[in-house]
Amino acid sequence: MSSSDPRPLIASDASKEQTTTDGVTPGGVQSVDRAITVLEVLARTGGSTVTEVAAELGVHKSTASRLLGALEARGLVHHPSDGSRYELGFGILRLAHSIPGRLSVVAEAHDEIRSLARTHSETVNLAVLREGQAVNVDQEMGPSSIATHDWIGSLTPLHATASGKVLLAGLSSDERARVLRTRGLPALTARTITSRKQLERQLIDVAAQGYATVCEEFEIGLNSVAVPVRDHLGTVIASISVSGPAFRFTEETMTDLVEELKEAGERVSRRMGYVPVDRPE
């Protein structure tokens, strides 16, 4: 079956069933849902056998095999001749090619930022990397926020802010070296990290843990915690941070917020096309 074949993606007895009021057969909807689930499973695992796909869907192996075969015929799934695992095919790229340019991380993250600000009554920012600095592109201030500064458009140093450290940790070692060589590590407070080795050790932890915290490194009396936002390629394209006065927004408070903040970052990442990959051992 070629990619231009006009026949339905999944052939089944659904065409014989009575249609619903909107002209769609219940069986057809189920088949489409299962096909989409197969793609999601392969995206998450990096490759699965027929048996594994069937288990994920809760269907018989023959049903899973037919679904995989139909998707393979359209180029959406690939079955290497030297292996038993099915993988996503390059046909996915054709479908996804036009999407990234239409996605705006500001638009996709705004509701999450607003919700965090309202829930925790602190300032929440969305930042991206520009010319070796973090630039805040969206902001929401909670009802109890003390700060009234509008950070939108403001450039902040990468080495002294939670957002900046998340963005730095997402760079390759060569890119990070170039940025730090150009911008340096100026001391902004007595707590600012100015040692390249110390910063690099911290960034390893940031990348591994999926978040960064800063206590009065950028400004005395200001603490912050940030998580990454990734695009469809898994690249860190932005960071979401929550900041507040040190007397209230303590290290313990930030630690308690981490998991919720991570979940918000993951939701935005998924809207940007990111799918975590759990490679088989």
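Cut-offs and rules
- As a convention, each chain's residues are numbered from 1 in the sequence order in which they are written.
- The predicted origin of the model limits local features to residues at a pLDDT of at least 70 and limits the giving and counting of side-chain atom pairs to 80 or more, whereas totals for whole chains, interfaces and linings rest on all residues.
- With hydrogens and water excluded, all non-hydrogen atoms of the structure serve as input to the side-chain values.
- Only DSSP runs of H or I covering at least 4 residues are called helices, and only runs of E covering at least 2 are called strands; the numbering of each starts at the N terminus.
- Classification of residues uses two cut-offs on accessible area relative to the type maximum, computed with a 1.4 Å probe and protein chains only: under 20% is buried, over 50% is exposed, and between them is partly exposed.
- Only heavy atoms enter the contact rule, under which two residues are in contact if any of them lie within 4.5 Å.
- Only the protein chains shown count as cover for residues, with accessible areas throughout obtained via the Shrake-Rupley method and a probe of 1.4 Å.
- A residue's pLDDT is simply how confident the predictor is in it, with values from 0 to 100.
- Any two strands with at least two DSSP bridges between them are considered paired.
- The axes are straight lines fitted to the C-alpha atoms, using for helices just the contacting stretch, and the angles between their N-to-C directions are given from 0 to 180°.
- In these notes the angle categories are as follows: under 35 degrees is roughly parallel, over 145 is roughly antiparallel, 65 to 115 is roughly perpendicular, and the rest is oblique.
- Each residue is assigned to one class: nonpolar for Ala, Val, Leu, Ile, Met, Phe, Trp, Tyr, Cys and Pro, charged for Asp, Glu, Lys and Arg, and polar for all the others, Gly among them.

**A word on the overall build of the protein**
Logical step 1: Within the protein one finds 9 helices and 8 strands.
Logical step 2: A burial count over the protein gives 42% of its 281 residues as buried.
Logical step 3: Long-range contacts, defined here as pairs at least 24 residues apart, represent 56% of the contacts in the protein between residues at least 6 apart.
Logical step 4: When the accessible surface of the protein is summed, it comes to about 15500 Å², and 51% of that surface belongs to carbon and sulfur atoms.

**Some points on the confidence of the model for the protein**
Logical step 1: Averaged over every residue, the pLDDT of the protein is 83; the share at 70 or more is 81%.
Logical step 2: Contacts from residues 1-24, a stretch scored under 50 in pLDDT, to residues over four places away or in other chains number 29 contacts.

**Side note on the sheet that holds strand β8 (residues 236-245)**
Logical step 1: Across the sheet, which stays open at both edges, the 6 strands sit in the order β5-β4-β3-β8-β7-β6 with antiparallel pairing between neighbours. A single partner strand is all that each edge strand has here, and the edge strands are β5 (155-156) and β6 (212-215).
Logical step 2: In this sheet, β8 lies alongside strand β3 (residues 123-130) in antiparallel orientation, the contact comprising 5 bridges. By the bridge assignment, Asn125 is partnered in β8 with Ser241.

**Let's talk about the pairing of β3**
Logical step 1: Most of β3 is tucked away: 6 of the 8 residues are buried.
Logical step 2: The pairing of β3 with strand β4 (residues 133-141) spans 8 bridges and is antiparallel. Considered in β4, the bridge of Thr123 is made with Met141.
Logical step 3: Hairpin connection between β3 and β4: a loop of 2 residues separates the two successive antiparallel strands, and Glu131 in this loop has a positive phi of roughly 50 degrees.

**A look at the pairing of β4**
Logical step 1: Relative to β5, β4 is paired through 2 bridges, and the arrangement is antiparallel. In the strand pairing of β5, Val135 is matched with Leu155.

**Remarks on the packing of helix α2 (residues 50-57) against helix α3 (residues 61-73)**
Logical step 1: Between α2 and α3, the least distance of the axes is 8 Å, while the angle of their chain directions is 105 degrees. Between α2 and α3, the angle falls in the class roughly perpendicular. Of the residues in α3, those touching α2 at Val50, Thr51, Val53, Ala54 and Leu57 are Lys61, Ala64, Ser65, Leu67 and Leu68.
Logical step 2: Within the contact of α2 with α3, the residues separate by chemical class into 7 nonpolar, 2 polar and 1 charged.

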